[in-house]
Amino acid sequence: MTKRKVQNKSAMEDTKHKKQKRPAGPTSALPEEMATELRNEMVDLYGKHHVLDNDFILKMVQPLKYAQRDIAANIAEVVACFLEAHLSPKSTLLETTAPPPKQVKGTRGAKQPSNTSSSARIAHIDEMRDWLLGKPLRLESSMYGPITAFVSYVALCVQAQRDKAGSTAGIQHLICPADKADYQPDDSDDKTRIDIGLCSMDFDDPAPTASTRTPYHKLLAVVEAKVCSGNFKEAWPQLYGYTRQMYQAQHNLSSAWGFAICGHEVRVCHFGNDVAVSSNPMNVTTPEGRRAFIELLVDWSMCEDSQLGHDPTIEYLPNLDCWQIECPDDTAHDIDCYKSRF
């Protein structure tokens, strides 16, 4: 196999074939005619290429090894049990009301984190308590805090398990929210704002700062939030648009993931080459729905990069600002560039 370095596509385009830039006004919106055309295109894609209510996609990100699946299931159980034990308003009054630490099978006796870490997790539970208990939210922006708190809570628990067990836990990365919500990614070409971005972070990656507008090329998934339950028909076309920008920015994507969260219902969507498949709703007001959401995030933390949609034969080299493509020796001279599209 030969590794061939290919210059970033955006830098390779000559003036003759240069992609026409979409005009951007002084605000975050496109010109109305172009914005309407883009919305209609996304609605058309959703109508022709979307499959609803298929939970098989949840199994696509389970760890490949059966032993690791058992570890993931046990970690998810610990995370879910801690959440349920502290979701009641009375449970946060005394830390001693928490159940005794539960050993996670297969992780060298990993236990619940210390009281300091427990306090941090309880702070996240406090932020999402109203959302999980089914209280109505009036504004879309009021959903950002609870959703990011849920993801951060699971990441904190997963981090604690890895700190206890080390590499034997099989945890590959952390799924964390971008530090900002309702923001325009730095590499967006249509000036639209996303509600929430999720990132897959290695354990030595620096944490995002409040001034960071995480770009599309660093996102694992986009979350589109709607305050009204069941408003998925409006959410899906928007998510399609954001995901196409991810494909444009990440040349090593073979598939992509996204979330539509309407009210208290969470659906995850897998974007393949010719079809997008979404799960049944996970209702976070029920223990079963919360557990399903937790299991998905834990599985994402333990699965391979290829299961998250990244082609292992294509690697970005930041120092050279180019993509390195692994290809057979007999075809290396025929490959000029790689361009992903949705």
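Structure first, text after, so check above.
Residues numbered from 1 in each chain as written. Predicted model: local features only at pLDDT ≥ 70, side-chain atom pairs only at ≥ 80, totals over all residues. Heavy atoms only, no water.

Trainee: I'd like a description of the overall build of the protein chain, backed by residues and values.
Mentor: Looking only at helices and strands, the protein chain has eight helices and 11 strands in total. Across the 342 residues that make up the protein chain, the buried fraction comes to 44%. Sequence-distant contacts in the protein chain: of pairs separated by 6 or more residues, those separated by 24 or more amount to 72%. Summed over all atoms, the accessible surface of the protein chain reaches about 17,300 Å², with 50% contributed by carbon and sulfur. (Helix = DSSP H or I, 4+ residues; strand = E, 2+ residues; numbered from the N terminus. Buried < 20%, exposed > 50% of the residue type's maximum accessible area, 1.4 Å probe, protein only. Contact = heavy atoms within 4.5 Å. Areas by Shrake-Rupley, 256 points an atom, 1.4 Å probe, with all protein chains shown as cover.)

Trainee: I'd like a rundown of the packing of aromatic side chains, residues and numbers included.
Mentor: For the structure shown, the criterion picks out nine aromatic pairs. Measuring from ring centre to ring centre gives 6.4 Å for Tyr46 and Tyr240, while their planes differ by 85°; the resulting arrangement is edge-to-face. You can see Tyr46 sitting in helix α2 (residues 32-49) and its partner Tyr240 sitting in helix α7 (residues 232-249), a full 194 residues away along the chain. Both rings, one in Phe150 and one in Phe293, keep their centres 4.6 Å apart while their planes meet at 15°; by these two values the pair is stacked. With Phe150 in helix α6 (residues 141-165) and Phe293 in helix α8 (residues 287-302), the pair connects residues that are 143 residues apart, well separated along the chain. Per residue, the accessibility class of Phe150 equals that of Phe293, and both read buried. Looking at Arg121, its charged tip hangs above the ring of Phe82, at a distance of 3.8 Å from the centre. Across from the ring centre of Phe232, 4.7 Å away, lies the NZ or CZ of Arg267, which sits over that ring. (Phe/Tyr/Trp six-rings, centres within 6.5 Å; stacked < 30°, edge-to-face > 60°. Lys NZ or Arg CZ within 6 Å of the ring centre and 35° of its normal.)

Trainee: An account of α7 is requested, with residue identities and associated values reported.
Mentor: Over its 18 residues, α7 runs 25 Å from end to end, which matches the ideal 26 Å to within 8%, given 1.5 Å per residue. Within α7 the residues assigned to the buried category are Phe232, Ala235, Trp236, Pro237, Leu239, Tyr240, Gly241, Tyr242, Thr243, Gln245, Met246 and Tyr247. Those residues of α7 that are buried lie in contact with α2, β2 (50-51), β5 (221-226), β6 (256-262), β7 (265-271) and β8 (276-278). (Expected span 1.5 Å × (residues − 1).)

Trainee: How would you summarise the pattern of salt bridges if you had to cite specific residues and measurements?
Mentor: Per the stated rule, a full pass over the model turns up 10 salt bridges. As a salt-bridge pair, Asp44 and Lys48 come within 3.4 Å of each other at their nearest N and O atoms. With Asp44 and Lys48 both in helix α2 and four residues apart, this pair spans about one turn of that helix. Note on Asp44: relative accessible area 38%, which makes it partly exposed. Of the charged contacts, one joins Asp126 and Arg129 as a salt bridge, the two residues approaching to 2.6 Å between their closest N and O atoms. Highlighted residues: Asp126 and Arg129, both in helix α5 (residues 115-132), separated by three residues, approximately one helical turn. Given the relative accessible area of 10%, Arg129 is considered buried. When salt bridges that share partners are traced, they join Glu224, Lys226 and Glu234 into one network. (Salt bridge = Lys/Arg side-chain N within 4 Å of Asp/Glu carboxyl O.)

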